[in-house]
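Residues per chain are reported as follows:
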Amino acid sequence: MSQLSERPEKPVVGVSMPHESATQHVTGTALYTDDLVHRTKSVLHAHPVQVMKAHGRITALRTEPALAVPGVVRVLTGADVPGVNDAGMKHDEPLFPDEVMFYGHAVAWVLGETLEAARLGAAAVEVELDEKPSVITLREAIDAGSFHGARPVMLTGDVDAGFADSAHVFTGEFQFSDQEHFYLETHAALAYVDEAEQVFVQSSTQHPSETQEIVAHVLGLHSHEVTVQCLRMGGGFGGKEMQPHGFAAVAALGAKLTGRPVRVRLNRTQDLTMSGKRHGFHAAWKIGFDADGRIRALAATLTADGGWSLDLSEPVVARALCHIDNTYWIPNARIDGRIAKTNKVSNTAFRGFGGPQGMLVIEDIMGRCAPLLGLDPTELRERNFYRRGQSTPYGQQVVQPERISAVWEQVKENAGVVDRQRQIAAFNAAHPHTKRALAITGLKFGISFNLTAFNQGGALVLIYKDGSVLINHGGTEMGQGLHTKMLQVAATTLGIPPHKVRLAPTRTDKVPNTSATAASAGADLNGAAVKNACEQLRGRLLEVAGTQLGAPASDVRIVEGVARTLGSDRELAWDDLVRTAYFQRVQLSAAGFYRTEGLHWDAKSFRGTPFKYFAHGAAAAEVEVDGFTGAYRIRRVDIVHDVGDSLSPMIDIGQVEGGFVQGAGWLTLEDMRWDAGDGPNRGRLLTQAASTYKLPSFSEMPEEFHVTLLQNVSEEGAVYGSKAVGEPPLMLAFSVREALRQAAASFGPSGRSVELASPATPEAVYWAIQAARRGDGSPTGDTRPGAATPGDAGDGNATPGHATSGHAGVGRADGRGRTDAEVLSGA
């Protein structure tokens, strides 16, 4: 085992500990960015001037009426920017635009003595617009050829030959929804300028270094003149990886121009209408199976709704392509990716970062095709699992395929699947208007940033004379427990109790050039960097201890705050050891660094080894569905998840539970709606409050919820043998959607393919039930090899009911007789 993975005697990692800020969270004493306003004097409040049109060129912007409002101090416009008027990394997101690109786009910001004064001032600003045509839906963008950014292609094997060898070929189309992050804390920033004209920004950001970079280039400064600190976030989920930069830049610009602190804090409606979401996707696909139900070939085109600017859409699409295989070996594939440009908010990172979208496509395909192949969905999935020696379509070998089966078999055993399937069959036979179903789905999720350069982390560890330890690292805390894990890593490496260690807020003047806390890599990168710094310090202290104890440093161990030599009862307390080291002028601070080894990625050829390892998991979900209304409840969920050798089991189980529930929300509840009509509110987000955008709550939680961490699976080459846990569990919620599909199918004859919209709201489930009762979903289309392509899949030209065919996805995608095109356009 490597030095990075090996655990010492009596480690603090692996111990279940509460979140390091749990007490402050529940007592309300934890401070967030906006709480700091009340500790700061003479703060000005910023309010956006939003234009409520989807697209148009600004022909006039009159700010004078705002300046006449009592309490208004200044109006910020593009003319005030001393540096680069751009809030993004691709220079396609003007901070103060001259063209409105989505409904609610902010074109100026008003600074006021109070938030109310700023609001009234913003309402007084006059904007004249030359309205232009807008593209709102994905179908509109596809039909208009409205795309931007890269168009990656992932190729493996011989696709034409794969289809020629296939006994069954199916084609289909699938569009699924975007998702709102709905973090508890909305976007917030507080900026001020000190006596040396240095800019200090408190920001709710997952990427302080990039926030620093954007603020600097907007102000025309060098990065060393800007410091960004993130105390903590009330949730992020990817929504605060790129999107906070512009809000921080507005606050910093206002502070620079007025000499006073400036606060930006969006209310919920502003946050919903101005910030990006998870990318909604459209998929057109064609898949071939052999006579035994094994995948022979897959061709697909994935189109992401990028919104008005690129943001992170290109890497999101890349990761979607990398995860379309999920746990299944696909020997021959061609997957095309593209980004639709629409007049909506710029969509961005969201937990899973394209992985859930890619995996949802293949899981939907498996669920739709299993009945057409005469196979139980569980059996179809099992037959296609990766096996040793097989590689992904982009060329990375799957080195732990046995874990795919291990979590799968354990969840079947834990859930008592065989017995419960018999019970469910008996229940369904006795209840014509209520049906139950149990589905199992698995996951294989790659861990690391696709961009190799981002896979690095830094830390600064300080030991004070009294033996206390302060950690600074580049990761940010958004409630996920990263700081807790870093405390445990430091205490373990130094050999001291955790109460000796404190963690400082993340800030750019302590650890520079950090990567975002994203891609589930926060603990891997920062944990290894903290461990590296602590190892340097421990090495120095062992030399001191060896001298004091009369033994070689190699014979000294520090365990639970006491240094001892092997084979001797002599010992030296930690505090005394540190004090001795200080008087011997031994350096008691160290900068740690880590870079993930073994990664390679060629974006042009779309091949390489982009991931350090894969995380695995499986979930069994049972649902009960009402045949009259489509209403359902999740009766029970069993999960087995692979986190390697857990750094902090309580934290990891919480992450698995939370990720699953958030995934279930995306797939079953969270139905974002946009006004796609031709009226004056075209492009408006219709679900812009918790009253219209339904989030998971206690009533949607599984009645029984069992989470088990896979045991005895230490991960070689990762910090203390652990694996990432942030994003992968979200995809376990596919089991709920597949259970709903199977329950809906139970209302009709067997052997029929049931299509289910996503999100699978009760309404969508009802229409799926109706389609099942009518017998819709019979095989249609042509099974001859090469008869259809993803570009024309699901065009409605096939003849329904063709007895020898196999088409999954023509028309009636929602069970209401609407064609796919009508469904996609919102008709």
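Below or above, wherever it landed, is the structure these notes cover. (Residues numbered from 1 in each chain as written. Predicted model: local features only at pLDDT ≥ 70, side-chain atom pairs only at ≥ 80, totals over all residues. Heavy atoms only, no water.)

Digging into the packing of helix H6 (residues 208–219) against helix H7 (residues 244–258)
Put simply, H6 and H7 touch, their axes get as near as 9 Å, and they point 45 degrees apart. Of the possible angle classes, the one that applies to H6 and H7 is oblique. H6 and H7 meet at a crossing whose hand is right-handed. Of the residues in H7, those touching H6 at Glu210, Thr211, Ile214, Val215, Val218 and Leu219 are His245, Ala248, Ala249, Ala252, Leu253 and Lys256. (Axes fitted to C-alpha atoms, helices over the stretch in contact; angles between N-to-C directions. Helix = DSSP H or I, 4+ residues; strand = E, 2+ residues; numbered from the N terminus. Parallel < 35°, antiparallel > 145°, perpendicular 65-115°, else oblique. Left-handed = near helix turned anticlockwise from the far one by under 90°. Contact = heavy atoms within 4.5 Å.)

Remarks on helix H14 (residues 482–494)
The end-to-end C-alpha separation of H14 is 18 Å, in line with the 18 Å expected for 13 residues at 1.5 Å each. Burial analysis of H14 places 13 of its 13 residues in the buried class, the great majority of the element. Trailing H14 by a residue or two, glycine 495 shows a phi angle of about 80 degrees, which is positive. (Expected span 1.5 Å × (residues − 1). Buried < 20%, exposed > 50% of the residue type's maximum accessible area, 1.4 Å probe, protein only.)

Side note on the environment of methionine 274
Within the secondary structure, methionine 274 is located in helix H8 (residues 268–274). As a C-alpha pair, methionine 274 and serine 346 span 72 residues in sequence and 8.6 Å in three-dimensional space. Not counting residues up to four positions away in its chain, the partners in contact with methionine 274 are Pro48, Gln50, Phe102, Gly104, Ala106, Trp109, Gln243, Phe247, Leu266 and Val345.

Details of the sheet that holds strand E12 (residues 262–265)
Read across the sheet, eight strands follow the order E3-E5-E1-E12-E9-E10-E11-E20 without closing on themselves; strand pairing throughout is mixed. A strand with exactly one partner marks an edge of an open sheet, and here the two such strands are strand E3 (72–76) and strand E20 (506–507). Sheet topology places strand E9 (residues 188–193) next to E12; four bridges connect them, and they run antiparallel. Among the inter-strand pairings, leucine 190 is bridged to a residue of E12, identified as arginine 263. Where H6 meets the sheet, it contacts strand E10 (199–203), strand E11 (226–230) and E20, and its direction lies at approximately 145 degrees from that of E11. (Pairing = 2+ DSSP bridges.)

Examining the sheet that holds strand E21 (residues 556–559)
Strand order in the open sheet formed by three strands is E21-E22-E23, with antiparallel pairing between adjacent strands. With one partner strand each, in any of the chains shown, E21 and strand E23 (571–573) form the two edges of the open sheet. Taken over all neighbouring pairs, the strand axes of this sheet differ in orientation by 20 degrees on average, direction set aside. Strand direction decides the pairing type here: strand E22 (residues 562–565) and E23, joined by three bridges, are antiparallel. Looking at E23, one finds that arginine 564 is bridged to glutamate 571. Running over the sheet, helix H15 (residues 522–549) touches E21, E22 and E23 and is turned about 115 degrees from E21.

A word on the pattern of salt bridges
Evaluated as defined, the whole model comprises 57 salt bridges. When the shortest N-O distance is used, the salt bridge between glutamate 738 and arginine 381 registers 3.4 Å. With glutamate 738 in helix H18 (residues 734–745) and arginine 381 in helix H11 (residues 377–383), this residue pair connects regions lying 357 residues apart in the sequence. Aspartate 419 serves as the salt-bridge partner of arginine 422, at 2.3 Å between the closest nitrogen and oxygen. Within this pair, arginine 422 and its partner aspartate 419 are both found in helix H13 (residues 417–430), separated by three residues, close to a single helical turn. The network of salt bridges with shared partners includes Glu363, Asp364, Arg368, Arg381, Arg737, Glu738, Arg741 and Glu755. (Salt bridge = Lys/Arg side-chain N within 4 Å of Asp/Glu carboxyl O.)

Notes on helix H16 (residues 574–583)
For H16, every residue scored as buried is listed here: Trp574, Leu577, Val578, Thr580 and Ala581. Considered in projection along H16, the buried side chains sweep an arc of 160 degrees and stay on one side of the axis. Positive backbone phi, approximately 60 degrees, marks arginine 585, located one or two places after H16. (Arc of directions from axis to C-beta.)

Digging into the side chain of serine 648
Within the secondary structure, serine 648 sits in the loop between strand E28 (632–641) and helix H17 (649–668). Ignoring sequence-local partners within four residues, the contact set of serine 648 consists of Gly14, Val15, Met17, Thr484, Lys485 and Gln488.

Notes on the side chain of glutamine 396
Its place among the elements puts glutamine 396 in the loop between H11 and helix H12 (401–415). Polar contacts involving the side chain of glutamine 396 include one to the main-chain carbonyl oxygen of phenylalanine 611, which spans 2.8 Å. When sequence neighbours within four positions are dropped, the list of residues in contact with glutamine 396 reads Ser391, Gly608, Thr609, Pro610, Phe611 and Phe614. (Polar contact = N/O pair within 3.5 Å; in protein donor to acceptor, adjacent residues only side chain to side chain.)

Let's talk about the environment of threonine 547
Within the secondary structure, threonine 547 is located in helix H15. With 196 residues separating them in the primary sequence, threonine 547 and arginine 351 have C-alpha atoms 50 Å apart.

Quick notes on the pairing of strand E29 (residues 704–709)
When a strand is regular, its side chains alternate between the sheet's two faces. Going residue by residue along E29, you find Phe705, Val707 and Leu709 tucked away on one face and Glu704, His706 and Thr708 left uncovered on the opposite face. This β-α-β element, E28 to H17 to E29, shows right-handed connectivity. (Right-handed = clockwise from strand over helix to strand, strands pointing away.)

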